[in-house]
Amino acid sequence: MLTTAPVAHTRAAGPWLVLAEGGTDADASVRVRWRFGHHRASEQLNRSERSMVAREWIEDIIRAHPDEFDGWNGFAHSSSTNRPHLQGADVDASISHSGDALLVAVVAGGMIGVDVELPPFSAFGSRTLVRRMCHPDELARLTGLPESLRRRALARLWTAKEALAKADGRGLALDFRTITPPWNVPARTRSSDLPEAHIAIIRDVGTVVLPLHLPSTRSSGFAGPSPRRSS
C-alpha cells in the first residue's frame, strides 16, 4: 500500500519542506520507505546542503523503523559515486533530485533506485535525448500525443528507467534503450503540476518497478529538519 499522508517531525523547521512520506509494499515481504520534499527558497539551494539533508532523511527513516532496518549503523566513508552506501546492514538507499525537489527511499533485502522529475519536463523536448532513451516500441506509443502529454509520458518512462539503472548500480552507463520497464501513457486529465516518479527494487527473486504518486511542490507541506551543523 502506498501512503502520502504527512507525519509531523520533532526537529526544528528549516528551508526544507517535507510534502509526503510513507511506505510502499514491493511485495508481501518487502516494504520500501520513502520521503519527498522541496526547498522553499530554490534560489538559495546549495548542493552540499541538499546532499546532507538527503542523508539525514535516510537516517531518519531507518531510525524510525528499527523493526524493518535493524537499527542505524551509519554511512560507509567513501564512494566513487553519489550513491549512498550504508554501513553493515543489508539495507540500501537511493536519492533523486529535480529542481528544488528531493526524494529518498530505503529498502532492506534488495537494491533500490528512485527517480523524480518535475514539470514542465522541458528536457524531454530534445529529440536527441528521446532517441537515446527509447526503444522503438516505446517511440511508437508516443506517436500522435500532444506535446505536453508526450513530454510527461517521456518523463514517466525516464523515471522508471533511471530508477532501474540506479538499482542495478550502473546508472547512466547503461543503454536506456535496452531498459524496458512497464509503464502507462499518462491520462490527459492528470494535473500539469504533478511530478513523475518511480521506485525500482532488484532482489534475488526478481525486479519490481513501482510508480510513486507524489504531490506538487506547490503544495503546502510540513516542516522538515534543518541540516545539522557540527559545533
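Just so we're clear, the structure is a prediction, and the values are computed from it rather than from any experiment. (Residues numbered from 1 in each chain as written. Predicted model: local features only at pLDDT ≥ 70, side-chain atom pairs only at ≥ 80, totals over all residues. Heavy atoms only, no water.)

K.L.:
Which residues make up the sheet that holds strand 5 (residues 111-117), and what are the values?
P.N.:
Where strands meet in a sheet, backbone hydrogen bonds hold them as pairs that are either parallel or antiparallel. Read across the sheet, 3 strands follow the order 5-6-7 without closing on themselves; strand pairing throughout is antiparallel. With partners counted over all chains shown, the strands left at the sheet margins are strand 5 and strand 7 (206-211), one partner each. Pairs of neighbouring strands in the sheet enclose a mean axial angle of 10°, with direction left out of account. Two strands pair when backbone bridges link them, and strand 5 and strand 6 (residues 196-203) are joined in this way by 7 bridges, in the antiparallel orientation. By the bridge assignment, Asp 115 is partnered in strand 6 with His 198. Here helix 5 (residues 147-168) sits on the sheet in contact with strand 5, strand 6 and strand 7, set at roughly 155° to strand 5. (Pairing = 2+ DSSP bridges. Helix = DSSP H or I, 4+ residues; strand = E, 2+ residues; numbered from the N terminus. Axes fitted to C-alpha atoms, helices over the stretch in contact; angles between N-to-C directions. Contact = heavy atoms within 4.5 Å.)

K.L.:
So what about the nonpolar core? Which residues, and what values?
P.N.:
Judged by nonpolar contacts, the single largest core of 24 residues is most densely connected at Phe 124, Met 133, Cys 134, Leu 142 and Leu 154. Taken together, the elements giving at least two residues each to this core come down to helix 3 (127-133) and helix 5. Ranked by residue count, the leading element in this core is helix 5, at 11 residues. Among all residues touching Met 133, those that are not within four sequence positions of it are Phe 124, Glu 138, Leu 154, Leu 157, Trp 158, Lys 161, Phe 176 and Arg 177. (Core = buried A, V, L, I, M, F, W, Y, C linked by side-chain atoms within 4.5 Å. Buried < 20%, exposed > 50% of the residue type's maximum accessible area, 1.4 Å probe, protein only.)

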